Amino acid sequence: MKKSIENLDLNNVKMKLMDPEEGQGWTESQCNIAEKEYKRFLNLVLIYVMFHQILSASHIDTRDIVRKYLASSYIIILTLGCLE
């Protein structure tokens, strides 16, 4: 599964983010950093889900995962200085 995350092709997303009209006008460097951090986040989510599946058979709260995703994405955007 980890290899799948590493091989995830985000080039279309990066191109959209670099577009000054349709996207955010990010630089390639900013997109590469965001891609790296996003893949790290996905690996953490995978570990988190696997850990909870091992410890209990209870249902994973997907809302919690989405909240963590949004928080992480916001932190990445702030780190890159893309929010005004």
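Residues numbered from 1 in each chain as written. Predicted model: local features only at pLDDT ≥ 70, side-chain atom pairs only at ≥ 80, totals over all residues. Heavy atoms only, no water.

Turning our attention to the overall build of the chain. Counting its regular elements, the chain contains 4 helices and 0 strands. Per-residue burial for the chain yields a buried fraction of 26% across its 84 residues. Within the chain, contacts between residues at least 6 apart in sequence are counted, and of these 51% link residues at least 24 apart. Accessible area of the chain: about 6600 Å², with a carbon and sulfur share of 59%. (Helix = DSSP H or I, 4+ residues; strand = E, 2+ residues; numbered from the N terminus. Buried < 20%, exposed > 50% of the residue type's maximum accessible area, 1.4 Å probe, protein only. Contact = heavy atoms within 4.5 Å. Areas by Shrake-Rupley, 256 points an atom, 1.4 Å probe, with all protein chains shown as cover.)

Another point: a nonpolar patch on the surface. A contiguous nonpolar patch, built from Val-66, Tyr-69 and Leu-70 and spanning about 260 Å² of accessible area, is present on the exposed surface. Within the fold, Tyr-69 resides in helix α4 (residues 62-80). Overall, the relative accessible area of 31% leaves Tyr-69 in the partly exposed class. (Patch = residues over 30% accessible without salt bridge, like charges linked within 9 Å, V, L, I, M, F, W, Y side chains within 5 Å. Salt bridge = Lys/Arg side-chain N within 4 Å of Asp/Glu carboxyl O.)

Another aspect to go through is the side chain of Lys-14. Structurally, Lys-14 is set in helix α2 (residues 11-18). With residues up to four places along the chain from it excluded, the contact list for Lys-14 reads Cys-31, Asn-32 and Glu-35.

Below, the discussion takes up the environment of Glu-22. One can find Glu-22 in the loop between α2 and α3 (28-55). Glu-22 sits in the exposed class, given a relative accessible area of 57%. For Glu-22, the side chain forms a polar contact with the side chain of Lys-16, separated by 3.2 Å. (Polar contact = N/O pair within 3.5 Å; in protein donor to acceptor, adjacent residues only side chain to side chain.)

This brings us to the pattern of salt bridges. Applying the stated rule across the entire model yields 4 salt bridges. When the shortest N-O distance is used, the salt bridge between Lys-16 and Glu-22 registers 3.2 Å. When its relative accessible area of 44% is taken as the criterion, Lys-16 is described as partly exposed. Counted as one network, the salt bridges with shared partners bring together Lys-14, Glu-35 and Lys-39.

Turning to its location among the elements, Lys-16 is positioned in helix α2. Residues Lys-16 and Trp-26, spaced 10 residues apart in sequence, show a C-alpha to C-alpha distance of 9.1 Å. Ignoring any residue separated from it by four or fewer positions in sequence, one finds Lys-16 in contact with Glu-22, Gly-23 and Gln-24.

Such coordinate-based values are descriptive only and should not be taken to indicate function.
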